[in-house]
Each structure stands twice: as C-alpha cells, then as structure tokens.
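# Summary of structural features
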Amino acid sequence: MECIFCKIFKKEINTKIIFEDDLTISFEDLNPVAPFHILIIPKKHIDSVNEINENNSIYIKQIFENIPKIVLKFNLKDYRIVSNIGPSAGQSVMHMHFHILGNRKMNWPPG
Ligand code: 5GP
Ligand code: ZN
C-alpha cells in the first residue's frame, strides 16, 4: 500500500520537512488550520491508530518522544495533538498521522 504520505516520507514529493529520524518524519500541513500546523507520521504505512499493535508500536513510541523536541524547537508552550481515525472522524489520508496544532486559542469540545 502506497499513499500520498508514503510518497512524502520516500521523498517522492517535495515537502517542507520539519524534523526527521529513522522511523518518523514531520512536515507542514498543506492546508493549515492553525498558525502552527504540522503532521508527524511513521515511515511505514499504518492505516490509523486503530492498526497499532505490539509489532509496530515502536513508531508510536518514537512519534511521542519526538513531539516534545519539535514543540521545544518552535517554542510552543500550549498545543493540541489530534489524530482522526476513520472518515466520519475526519480522517482523509489513510496513513496514520498526528496533527500538532498551535499558536491560536483552541476550542473544546472539538467539532
Ligand atoms: P486528516 O484529514 O486525515 O486528519 O489529515 C490529513 C491532513 O493532511 C490534512 O490536514 C491535509 O491538509 C494534509 N495533507 C493532505 N495531502 C497533503 C500533502 O500532499 N502534503 C501535505 N503537506 N499535507 C497534506
Ligand atoms: Zn502510506
């Protein structure tokens, strides 16, 4: 399975990369919904959080270890992490990703 985000991590599409390591890559969202809006994804096609298991959870570990490093680099104090799972929850790209949103007031509950 090869999707648009697979193409991004394989560098087949030119994207502004924010942070990268052996297992993950982070880049600016094409259609930002906040002044700071980046995505962090595994460098492996995993459909969504719903597909995490003991064989691939190393990617989750790495993603969540990297988030504090990324937000520190951009001096974000308050921010929101979002992962939409399934179309009716708002998932439009079926490659697991975490939105990091910041630099504006966030509403609760989300829409
Ligand atoms: P979802 O709707 O699945 O939660 O989030 C997918 C996100 O990917 C959207 O915010 C959308 O703007 C972003 N996106 C979709 N295609 C591309 C792309 O080709 N490049 C980048 N940088 N972002 C994309
Ligand atoms: Zn993919």
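The present account deals with the structure reproduced in this document. Just so you know, these numbers come straight off a predicted model, no measurement behind them. (Residues numbered from 1 in each chain as written. Chains lettered and ligands numbered in written order. Predicted model: local features only at pLDDT ≥ 70, side-chain atom pairs only at ≥ 80, totals over all residues. Heavy atoms only, no water.)

### Observations regarding the coordination of the zinc ion (ligand 2)
Spelled out, the test is: Coordination partners: N, O, S within 2.8 Å of the metal, 3.2 Å for Na, K and Ca; water not considered, so apparent gaps in a site are possible. Metal sites are grouped by the angles between bound donors: all angles between 85 and 135 degrees with four donors is tetrahedral, opposite donors over 155 degrees apart with the others between 65 and 115 is square planar for four donors and octahedral for six, and any other pattern is irregular.
The protein atoms that coordinate the zinc ion (ligand 2) are Cys3 (SG), Cys6 (SG), His45 (ND1) and His95 (ND1), at distances spanning 2.1 to 2.3 Å. One can describe the site at the zinc ion (ligand 2) as tetrahedral: its 4 donor atoms subtend angles covering 101 to 122° at the metal.

### Things to note about the side chain of aspartate 21
Just so we agree on the cut-off: Numbered from the N terminus, helices here are DSSP runs of H or I no shorter than four residues, and strands are runs of E no shorter than two. Exposed residues in this analysis have more than 50% of their type's maximum accessible area, buried residues have under 20%, and partly exposed residues fall in between, with area computed by a 1.4 Å probe over protein chains only. The charge count includes Lys and Arg as positive and Asp and Glu as negative, but it does not include His or the ends of the chains. Any Lys or Arg side-chain nitrogen found within 4 Å of a carboxyl oxygen on Asp or Glu counts as a salt bridge. The term polar contact refers here to a pair of N or O atoms within 3.5 Å; inside protein, the definition further demands a hydrogen-donor-capable atom paired with an acceptor-capable atom, and it admits residues adjacent in sequence only when both atoms are side-chain atoms. The contact criterion used is simple: two residues touch if any of their non-hydrogen atoms lie within 4.5 Å.
Along the chain, aspartate 21 falls in the loop between β1 (17-20) and β2 (24-28). We note that aspartate 21 is buried and unpaired, the nearest opposite charge coming from lysine 43 at a distance of 5.7 Å. A distance of 2.8 Å separates a polar side-chain atom of aspartate 21 from the backbone nitrogen of threonine 24. Once residues within four sequence positions are removed from consideration, aspartate 21 is found in contact with Lys43, Gln62 and Asn66.

### A few points about the nonpolar core
Spelled out, the test is: In plain words, nonpolar cores are sets of buried Ala, Val, Leu, Ile, Met, Phe, Trp, Tyr and Cys residues tied together by side-chain atoms within 4.5 Å.
Within the largest apolar cluster, 16 residues are counted, with the highest numbers of intra-cluster contacts made by Ile38, Ile40, Ile63, Ile67, Met96, Phe98 and Ile100. For this core, the elements supplying multiple residues, two or more each, are β3 (36-42), α2 (57-73) and β5 (98-102). In terms of residue count, the dominant contributor to this core is α2 (6 residues). Core analysis: the next-biggest nonpolar cluster, separate from the first, contains 10 residues, Cys3, Cys6, Ile25 and Val93 among them.

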